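Architecture and fold: a report
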Amino acid sequence: MSIIKKSYGERAKLSTNDLSKKMFDLMEKKQTNLSVAVDVTKKRELIEIADKVGPYICLLKTHIDIVEDFDNDLVEQLKRLAKKHNFLIFEDRKFADIGSTVQLQYSSGVYKIASWADITNAHPIPGEGIITGLKSIGLPLNRGLLLLAEMSSAGSLATGSYTDATISMARRHKDFVMGFVAGRRLSDREGEDFITMSPGVGLDDKGDSMGQQYRTPKEVIGACGSDVIIVGRGIYGKGKDVVKEAKRYRDAGWAAYLGRIE
């Protein structure tokens, strides 16, 4: 049986990556495969959205470096909300430097990402050293890494041999690399189960003026075999009812998943 025909609960039992196991268990328990990307510039707005969507998500995705009034209290509030609503935190840092540099970017500086983000991600373009550098910091803290194997923007160069090389790197670091950011499931090898998270998901729009392209949860989860849908402005954009939209996307994503495993 293909791995994508198995339930999240079954995959949790089979997973060899501790954080993947935790995430599959969480998704099964909450019955959600929704991640909300909260790309806002004010601390108060970030906390308000996180609290509203918290009951309906498995993962909160942040871009912490765009928050103009960032402070340590923001981190503490996010951690409390993650515990209150039972979700994980994904800091979408997209590391892209040599190993010794990303070690410092991940552990130190203003944001100290490794101290609070369950998951982060990286471009594999610098080579395997970026993984080993991040792993030296994150693995002892039970963190996980996603590799950017594909992107949802028009004209992305992350295709073909680049994507193939990314998968090979992930296979050599399965204790820390839990999966990919990609538009589709990239590997169905026996005994291997990387989580696939897909941005560019929308129920109403097909794209924006900046080259972002949108697909429905049914396309992403059902047809393309991804595991988590990442939604941003479709939930909290101007004039949106955040709770109503979070429920709508949660329900659409879960229905697509149930249809896939039937």
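The paragraphs below set out a description of the structure included in this document. Quick caveat: nothing in here was measured; it's all calculated off a predicted structure.

Another aspect to go through is the nonpolar core. Ranked by size, the top nonpolar core spans 79 residues in total, and within it Met23 and Ile119 carry the most contacts. With 6 residues, the single largest contributor to this core is helix 10 (residues 242–261). Contacts of Met23, omitting those with residues within four sequence positions, involve Cys58, Leu59, Leu88, Ile119, Met178, Ile195, Met197 and Val228.

The subject of this paragraph is the sheet that holds strand 1 (residues 34–38). If you walk around this closed barrel you meet the 8 strands as 1-2-3-4-5-6-7-8, and the pairing is parallel. Here the average twist between neighbouring strands, direction ignored, is 30 degrees. Here 4 bridges tie strand 1 to strand 2 (residues 59–62), and the two strands are oriented parallel to one another. Paired with Val38 across the bridge in strand 2 is Thr62.

So, about the pairing of strand 1. The element strand 1 is largely enclosed, with a buried count of 5 among its 5 residues. Side chains Leu34, Val36 and Val38 project from strand 1 onto one buried face, and the interleaved Ser35 and Ala37 project onto a second face that is buried too. Pairing geometry for strand 1 and strand 8 (residues 228–231), over 3 bridges, is parallel. In the sheet register, Ser35 faces strand 8, and the bridge partner there is Ile230. Tracing the backbone out of strand 1, into helix 3 (residues 43–53) and back to the parallel element strand 2 gives a crossover that is right-handed.

Quantified by volume, the second largest pocket comes out at close to 350 Å³. Considering the residues around the second largest pocket, the lining is formed by 20 residues, among which Ile3, Glu190, Gly191, Glu192 and Asp193 are closest to the centre. Within the lining of the second largest pocket, the residues separate by chemical class into 6 nonpolar, 6 polar and 8 charged.

Reading the values: the criteria
For every chain, the first residue of the written sequence is number 1, and numbering continues from 1 along that sequence. Note on the predicted model: pLDDT of at least 70 is required for a residue's local features to be given, and 80 or more for side-chain atom pairs to be given and counted; whole-chain, interface and lining totals, by contrast, use all residues. Side-chain metrics in this entry use all non-hydrogen atoms of the structure; hydrogen atoms and water are not considered. Take the buried residues of types Ala, Val, Leu, Ile, Met, Phe, Trp, Tyr and Cys, join any two whose side-chain atoms come within 4.5 Å, and each joined set is a nonpolar core. Exposure classes here rest on a 1.4 Å probe applied to the protein chains alone. A residue is buried below 20% of its type maximum, exposed above 50%, and partly exposed in between. Comment: elements are numbered from the N terminus, with helices defined as DSSP H or I runs of at least four residues and strands as E runs of at least two. We call two residues in contact when some of their heavy atoms are within 4.5 Å. Strand pairing follows a simple DSSP-based rule, namely that at least 2 bridges must link the two strands. To obtain each axis, a line is fitted to C-alpha atoms, and for helices this fit is confined to the stretch in contact; angles are then taken between N-to-C directions over 0 to 180 degrees. By definition, the crossover connecting two strands over a helix is right-handed if that path, from the first strand to the second, turns clockwise as seen with the strands pointing away from the viewer. For cavity detection a 1 Å grid was placed over the protein atoms alone, and a set of points counts as a cavity when a 1.4 Å probe fits there but cannot get out; an open set counts as a pocket when protein lies on both sides within 12 Å along at least five of seven lines, with lining residues being those that have an atom within 4 Å of a point. Grid points are joined across faces, edges and corners, and a volume is the space filled by probe spheres set on the points. For this classification, the nonpolar set comprises Ala, Val, Leu, Ile, Met, Phe, Trp, Tyr, Cys and Pro, the charged set comprises Asp, Glu, Lys and Arg, and every other residue, Gly included, is treated as polar.

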